[in-house]
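Below, each chain spelled out in residue letters.
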Amino acid sequence: MRIVRWIGLGFAGLSGLAALFGAWVYGVSELHYRSYAPTAAFEHPIPTDAAALAWGEHLAATRGCRGCHGADLEGEIMFGAVATPNLTALARAETAATFEAALRQGIGHTGRALYSMPSYNFVRMTDADVAALYAYLRNAPVSDAAPQDELAPLFERIVGDFMVRLAIARGEDGAMPKWLDQVPPLTEQDNPNPRIARGEYLAMTSCNECHGFDLRGNAPWPGSAPDLIVVGAYMPEQFTRLMREGLPSSGAELPMMGPVARGRFVHWSDDEVADLYAYLSDMSRRAIDAE
Ligand code: HEC
Ligand code: HEC
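Throughout what follows, the structure given in this document is the object of discussion.

## As for unusual backbone geometry
Link 1 in the chain: Pro220 follows Ala219 through a cis peptide bond whose omega is 5 degrees.
Link 2 in the chain: Inspection of the secondary structure assignment puts Pro220 in the loop between α9 (194-203) and α10 (236-245).
Link 3 in the chain: The phi dihedral of Leu73 falls on the positive side, at around 60 degrees, and the residue is not glycine.
Link 4 in the chain: By secondary structure assignment, the location of Leu73 is in the loop between α3 (65-69) and β1 (76-78).
Link 5 in the chain: With a phi close to 50 degrees, Phe79 is a non-glycine residue in the positive phi region.
Link 6 in the chain: Within the secondary structure, Phe79 is located in the loop between β1 and β2 (82-84).

Pasting the structure below:
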């Protein structure tokens, strides 16, 4: 009898400790999630003319918003755990400043840091482009379709959330606001060749989602996508084929780049493809000269 009582007390003690530990992890991570504040509020005028709205639509298509927010921007479930918001509904409900804080600063409308929205990919977007994107989203029809895919079972999501929080509590921070400092500034905006300047802007607001903050295949996903100096070995028509059909010169199917090019980059204009090629082949030349 006494043994049973001791075992009972032991369990009670252990669950008490586990509860304390859980509360600590939750509290520390929640403080951290909320420790970032947007810098100066966004004040750029929001355009209403048809040309600006069409430009906003082009930005949404080429920057892959639909890849994660759903074909009709209605929202989607990612990794069975994160629900991306309905972007057209959100743009109507939130101010331009709130939208900009999420897009370029990685801070959501609740004031919490975003973890899986790639703001590092949009941090260099110009004020005029942010405004056009917001104007387009506010004016595009709101889809009432249910988000695609389904949430994983509740238990799996709780465990997943706890693992992320545990990493944060231990100081391993993957918050977007922290990543943004690692995206290098644009350096070619005064280049005498305007194609190089424009191409840098395009690459640094699209390709760096996967090819590294600096396009050199490093962070945040080292080893998953190649250093873009590989473009130095492409002929212009090979690069165009990659952007238009998602196929490299070998014609082999690229598991990630193929669908991404066919989903997003088919929407580049011919000029944008030429701009990207000019910038990336110049970057490749500079990298080789530096060696
Ligand atoms: C790689 C996937 C991905 C891409 C690409 C992406 N998003 Fe997101 N976005 C997310 C996720 C995931 C969330 C929800 C994050 C969260 O709740 O922590 C989100 C949230 C947002 C939010 C709301 C933040 C808030 O809570 O206030 C806005 C606004 C947003 N995205 C805009 C955009 C726009 C505009 C584009 C295209 C230019 C885009 N996103 C592209 C994944 C993505
Ligand atoms: C969503 C992630 C993603 C984005 C965005 C992306 N890429 Fe890629 N890219 C990859 C991956 C991953 C590979 C490696 C092949 C694979 O797994 O598909 C790749 C491969 C490549 C290759 C090498 C193809 C070969 O010959 O093997 C080139 C060149 C390339 N990408 C150019 C670009 C350019 C230019 C952009 C921007 C306009 C871009 N990528 C945007 C993920 C991406």
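So that's the structure; there's more coming.
## Re the packing of α10 against helix α12 (residues 270-289)
Link 1 in the chain: At a closest axis distance of 10 Å, the pairing of α10 and α12 adopts a crossing angle of 120 degrees. Between α10 and α12, the crossing angle belongs to the class labelled oblique. Crossing of α10 over α12 shows right-handed handedness. Residues Pro236, Phe239, Thr240, Met243 and Arg244 of α10 lie in contact with α12, whose contacting residues are Asp270, Val273, Leu276, Tyr277 and Leu280.
Link 2 in the chain: Residue composition of the contact of α10 with α12, grouped by class: 7 nonpolar, 1 polar and 2 charged.

## Re the site of ligand 1
Link 1 in the chain: Contacts to ligand 1 come from 24 residues, most closely from Cys65, Cys68, His69, His109 and Met117.
Link 2 in the chain: Taking His109, its main chain carries an N or O atom lying 2.7 Å from an oxygen atom of ligand 1.
Link 3 in the chain: If you list the elements that add at least two residues to the shell around ligand 1, you get α3, β2, α4 (87-93) and α5 (96-105).
Link 4 in the chain: When its residues are assigned to classes, the shell around ligand 1 shows 16 nonpolar, 6 polar and 2 charged.

What counts and how
- Every chain's residues receive numbers from 1 upward, in the order its sequence appears when written.
- Here chains are named by letter from A upward and ligands by number from 1 upward, in the order in which they appear as written.
- Local features in this predicted model are restricted to residues whose pLDDT is 70 or higher, and side-chain atom pairs enter the listing and the counts only when it is 80 or higher, whereas totals over whole chains, interfaces and linings include all residues.
- Derived side-chain values reflect all non-hydrogen atoms in the structure, with water molecules and hydrogen atoms excluded from consideration.
- Strands are runs of DSSP state E lasting at least 2 residues, helices are runs of H or I lasting at least 4, and numbering of each runs from the N terminus.
- The angle between two axes is taken between their N-to-C directions and runs from 0 to 180 degrees, where each axis is a line fitted to C-alpha atoms and a helix contributes only its stretch in contact.
- Roughly parallel covers angles under 35 degrees, roughly antiparallel covers those over 145, roughly perpendicular covers 65 to 115, and oblique covers all other angles.
- By definition, any crossing whose near helix is turned counterclockwise from its far helix by less than a right angle is left-handed, and any crossing with a clockwise turn is right-handed.
- Note on contacts: a residue pair qualifies if any of its non-hydrogen atoms lie within 4.5 Å across the two residues.
- For this classification, Asp, Glu, Lys and Arg are treated as charged, while Ala, Val, Leu, Ile, Met, Phe, Trp, Tyr, Cys and Pro are nonpolar and the rest, including Gly, are polar.
- Nearness here has a simple test: a residue counts as near a molecule or strand if at least one of its heavy atoms is within 4 Å of that partner.
- Throughout this description, a polar contact denotes any pair of N or O atoms lying within 3.5 Å of each other; where both atoms belong to protein, one of them has to be capable of donating a hydrogen while the other can accept it, and for residues adjacent in sequence the pair is counted only when both atoms sit in side chains.

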